[in-house]
Number of protein chains: 2
Amino acid sequence: MQGLMMDAPLLVSSVLEHAARIHGTTEIVARTAEGGIHRTTYGETHDRAKRLAKALARLGVKPGDRVGSLAWNTHHHLELFYGVSGSGAVLHTINPRLFEDQLVYIVNHAEDSWICVDAATLPIAEKLAPRTPGVKGWIYMSVDPEPPKSSLALLSYETLLAAEDADYDWPQLDEKQASVICYTSGTTGAPKGVVNTHRSTILSALVMSTADMIGGYRSGAREVVMPIAPMFHGNGWQMVYTAPLSGHGLVLPGRNFEPDKLHEIMAAEKVTMAACVPTVWMMLVDYMDRTGLTLPSLRAALVAGTKPPRSLIDALEQRHGIEVAQAWGMTEALGVTKCALPPGLADAPYEQRVEQKLRQGRVAFSTKLRIVDDAGQPLPHDGLTFGHLQARGPLIVGAYLKQDAPLADGWLQTGDVAKLFPDGTVEIVDRSKDVIKSGGEWISSAAVENAAMGHPAVAQAAVIGIHHPTWQERPLLVVVRRPDKDVSAAELIAFLRPQMASWWVPEDVAFVEALPMTATGKIHKVTLREQFKDMTASGGSDGLRAAG
Amino acid sequence: MQGLMMDAPLLVSSVLEHAARIHGTTEIVARTAEGGIHRTTYGETHDRAKRLAKALARLGVKPGDRVGSLAWNTHHHLELFYGVSGSGAVLHTINPRLFEDQLVYIVNHAEDSWICVDAATLPIAEKLAPRTPGVKGWIYMSVDPEPPKSSLALLSYETLLAAEDADYDWPQLDEKQASVICYTSGTTGAPKGVVNTHRSTILSALVMSTADMIGGYRSGAREVVMPIAPMFHGNGWQMVYTAPLSGHGLVLPGRNFEPDKLHEIMAAEKVTMAACVPTVWMMLVDYMDRTGLTLPSLRAALVAGTKPPRSLIDALEQRHGIEVAQAWGMTEALGVTKCALPPGLADAPYEQRVEQKLRQGRVAFSTKLRIVDDAGQPLPHDGLTFGHLQARGPLIVGAYLKQDAPLADGWLQTGDVAKLFPDGTVEIVDRSKDVIKSGGEWISSAAVENAAMGHPAVAQAAVIGIHHPTWQERPLLVVVRRPDKDVSAAELIAFLRPQMASWWVPEDVAFVEALPMTATGKIHKVTLREQFKDMTASGGSDGLRAAG
């Protein structure tokens, strides 16, 4: 029996339309690509997004066409999320941090028709253009309508908008049409395109707007949020959608992630909640500690991407009175966990709360998570067992652009190894490809690395598996020492031994000058394993020998 | 271009499945139909809902079949919402307060196959059975597995469940399939069936779980919610879905809406948020005032259905420290407004906040509201103009069961007259059919009635339009005096004159012994207009004369 409710699709355009209708005067404050401050509102942004939609149509952009963006967190970029997706075209948010070859690959692979750039990304565009012949033109976004001199024939974004009015009705699209494409740059293979739908975007934004998202989540303009996390990466952790949906004040830091610039705009605009990776929080805390400056309005620090060190949580919570909330997601799965502490824990002593904050949140409504062993058999959610993390639901990728996604029985294989707790808490233990399989049991390379980082002489640490004739693999710790400090392999092993099960203790330690890194700042373990592939462990810390 | 996210339907079963998985031990406390207290959890409820789904299949219930419920707010009724809808059958929540003829009509019209009853509703079922031959059988819900003596061959709900185990996978239904049917009993014509979909139910629950729903909305089990509003009426204002979705503690008052019983369970279970119509809140406040009892845990009183009097808001907020939040919805449109105060008002002085609380909330994401004049032309959202309120979106009814809904250009005509404010605030002014049209302008009968109710001698008041040769209609005030008080027509007119525009002042006052009432406790104005249909106003308070 069919139900009889109105057939109304879930559309990205409806978020900004709603914002303009009921909190049209709520402010958006953005640092421009040039470094200035720009003030606008949801009402004005909605008007400009409609004018953009008309301008794109005039340029010949058709529903389904891809429009690229090479931009940081600016008001122009925000307009693209609505003007492009809302019109039925597809926004491809290009990560300007990728290597040139990767950028060329994804622009051509996504078949971008037009690309919007700004002062920060024009040099990249100029390099890409000769190798991306499918791109019909480049649009330059700046508060100044006059584009700079360039090897490209730039169209002016402001001039395009000035030629249009806001008399435009958003088209009623199929909600399963594409809204935004974002490529993941794994450590192996070519980048893979995640094609979000209008439906998945709206559902994710709703899930992330529930009171459960974060303890004490406030309504409307009482919360002023700032995505420091780039908009080209998970849409600024979905804040480009959740902020207008809920009517939060919105502050955009532009391309400046330097702590002084971040602090300046956060303090001036009384930001209450900001989101970024631990590294940026660490720089900000360090800056505040050095200068004695504070952020009295900031009440919540959202963190994801990598597990924050305990010291960062202590600094934010205890020195600065800012609540830390950790969530987990990936480009393939946005809005998967929520941060509010589980029942009973919100009023528990600090030590217990920190233990929870070191984990990656609790599974949010609409997504199902499970862990499985190597044979794909489900494992218990007991907070002890760990296995390959899999996800299923309307927010989870079903396929990559022109390529299959790694599905097993309808579940996405996230590539992470995790523990799941009875209350839905997720604890990421390692990457599946980095876990070390020793005698049928798993060793978390991340856990051993974190322990090694606790030694004062260790600047960087990576743990990889090396071949062992009996145990299949044994862990090797690869360390970059701090320039002014020294430590021996035996000392490090002795340091680690009391911190973990004896069979987790690395077989040996190799010292190197530098670790190979990816474009997004992660250790490139594939290269590292290649570097040490001829090593074999035979037991005992002196059993390590360079082969060949 | 199609997006590439997983094709996962939004299903009612997923709410309870989620609750059982991550807050399975959170408690549900319910008063049974017999008056006792029953304690259960989301985990146990999920198990029992699955056993119910299997029991229904064993009885021959097929996807799409209607299963009726004649029940109040009990744990059994909660199980029906998931066991019936989750299995693909359709729950028809029957309002036991309807007149017998209406009950017979809706059971036959919905083609209910089985009906679940309890100690409170069995006498009704016994009367209906001879006139509802399509019903295959009656299931008796009680903690006691032995059904009582009855003219009906009752099946025992507990015995049916005891025969099943919980080894059951919820079917993956089309999200546009029907989940729950609820009939509206208008004051004219036969009741009309609203057929919710799984999709509309989940979207409504998500919208109502956002932080914006109510100021200071807390996460998970820190909120203990109690729908006093009956589950057969808008699913207990959607709390049967929002509570498990968010993991709130859930308290169900059974059939007892007597203030002492309500207070007892609210105090014992530390309810933090409860929802009901103003009348019930008034009885509860009166009870607390008389006994000196308090509700220290209760922080929020949700109110809807009718505008609460100012005195109730003052009593709850100022005497009892309970925040009042008013929302608006109808069976045809659940989850339409949210209660959190608009930007800037949350910290405003009490007088300003009360003004807002006397309105019906702000439009929530996903629904569009507009007001139109008699010709269907949209009117401004300026907080001054009022017009016929229309709604559109995925939570709004598109058609009634076997009958068209009153749509105009794709908008539902709600039958209400309202003002809309620039910040999305809704102020219901009157029912469209009750508004009095005088000289081309509209007079709100509800506003005049509220003013008249302020006179100490007035027990009940109704305002209707009577024919006027020049002005088309003029208002007539019909009053029931308090038994111990007296007041004349002239005195009442003089009392009203300073409170409203001169042309809103009633033409005359008629005193009656009693007003005609509907089954749901509203004044039956159709009957009243019939009673006074031969009256004509010719201007001046003594211009009224009984015709014929």
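The shown structure was predicted, so the numbers you read here are calculated from the model rather than taken from an experiment.

## What to know about the overall build of chain A
Counting secondary structure elements, chain A contains 16 helices and 30 strands. Taking 548 residues into account, the globule formula puts the C-alpha radius of gyration at 24 Å, and chain A, at 24 Å, falls close to it. Overall size of chain A, expressed as C-alpha extent along the three principal axes, is 75 × 65 × 55 Å. For chain A, the share of sequence-separated contacts (at least 6 apart) that also reach a separation of at least 24 residues comes to 66%. Chain A carries 51 positive and 60 negative side-chain charges, and their two centres are separated by 1 Å.

## Remarks on the confidence of the model for chain A
Residues and elements named next belong to chain A. Per-residue pLDDT for chain A averages 92, and the proportion of residues at 70 or more is 97%. Taken as a whole, residues 539-548 scores under 50 in pLDDT and shows 19 contacts with residues more than four places along the chain or in a different chain. Of the two predicted TM-score estimates for the complex, the pTM is 0.91 and the ipTM is 0.90.

## Thoughts on the interface of chain A and chain B
Contact residues are listed per partner, giving 79 residues for chain A and 79 residues for chain B. In this assembly, chain A packs against chain B so that about 5,900 Å² is buried in total across both faces, 61% of it on carbon and sulfur atoms. When residues of chain A are sorted by the area they lose upon contact with chain B, A:M1, A:M6 and A:F365 head the list and together hold 16% of the total. The tally of links from chain A across to chain B stands at eight salt bridges. The interface formed by chain A and chain B contains 28 residue pairs in polar contact (both at pLDDT 80 or more). Of all the elements, helix α1 (residues 13-23) of chain A adds the most residues to the side of chain A that touches chain B, at seven residues.

## Some remarks on helix α9 (residues 239-246) of chain B
Counting buried positions over the eight residues of α9(B) gives eight, a clear majority of the element. Among all positions of α9(B), only B:M239, B:V240, B:Y241, B:T242, B:A243, B:P244, B:L245 and B:S246 are buried.

## Some words on the side chain of A:T331
Structurally, A:T331 is set in the loop between β14 (323-326) and β15 (337-338). Those residues in contact with A:T331 that lie beyond four places of it in its chain are A:C182, A:T184, A:V194 and A:H233.

## Side note on the pairing of strand β2 (residues 37-41) of chain B
All names here are of chain B. Of the pairings in the sheet, the one linking strand β1 (residues 27-31) to β2 comprises five bridges and is antiparallel in character. Residue pairing for β2: A30 is matched across the bridge by H38. Where β1 folds back on β2, the antiparallel hairpin that results is connected by five residues, among which G35 adopts a positive phi of roughly 105 degrees.

## Points about the packing of helix α3 (residues 75-87) of chain A against helix α9 (residues 239-246) of chain A
All names here are of chain A. It is at 11 Å that the axes of α3 and α9 come closest, and there the two elements cross at 80 degrees. Relative to α9, the element α3 is oriented roughly perpendicular. Residues L78, F81 and Y82 of α3 pack against V240, Y241 and P244 of α9. Broken down by class, the residue content of the contact of α3 with α9 amounts to six nonpolar, no polar and no charged.

What counts, and where the lines are drawn
- Residues numbered from 1 in each chain as written.
- Chains lettered and ligands numbered in written order.
- Predicted model: local features only at pLDDT ≥ 70, side-chain atom pairs only at ≥ 80, totals over all residues.
- Heavy atoms only, no water.
- Helix = DSSP H or I, 4+ residues; strand = E, 2+ residues; numbered from the N terminus.
- Rg over C-alpha atoms; globule rule 2.2 N^0.38 Å.
- Contact = heavy atoms within 4.5 Å.
- Lys, Arg positive; Asp, Glu negative; His and termini not counted.
- Charge placed at Lys NZ, Arg CZ, Asp CG, Glu CD.
- pLDDT = per-residue confidence, 0-100.
- Buried area = accessible area lost by both parts, 1.4 Å probe.
- Salt bridge = Lys/Arg side-chain N within 4 Å of Asp/Glu carboxyl O.
- Polar contact = N/O pair within 3.5 Å; in protein donor to acceptor, adjacent residues only side chain to side chain.
- Buried < 20%, exposed > 50% of the residue type's maximum accessible area, 1.4 Å probe, protein only.
- Pairing = 2+ DSSP bridges.
- Axes fitted to C-alpha atoms, helices over the stretch in contact; angles between N-to-C directions.
- Parallel < 35°, antiparallel > 145°, perpendicular 65-115°, else oblique.
- Nonpolar A, V, L, I, M, F, W, Y, C, P; charged D, E, K, R; others polar.

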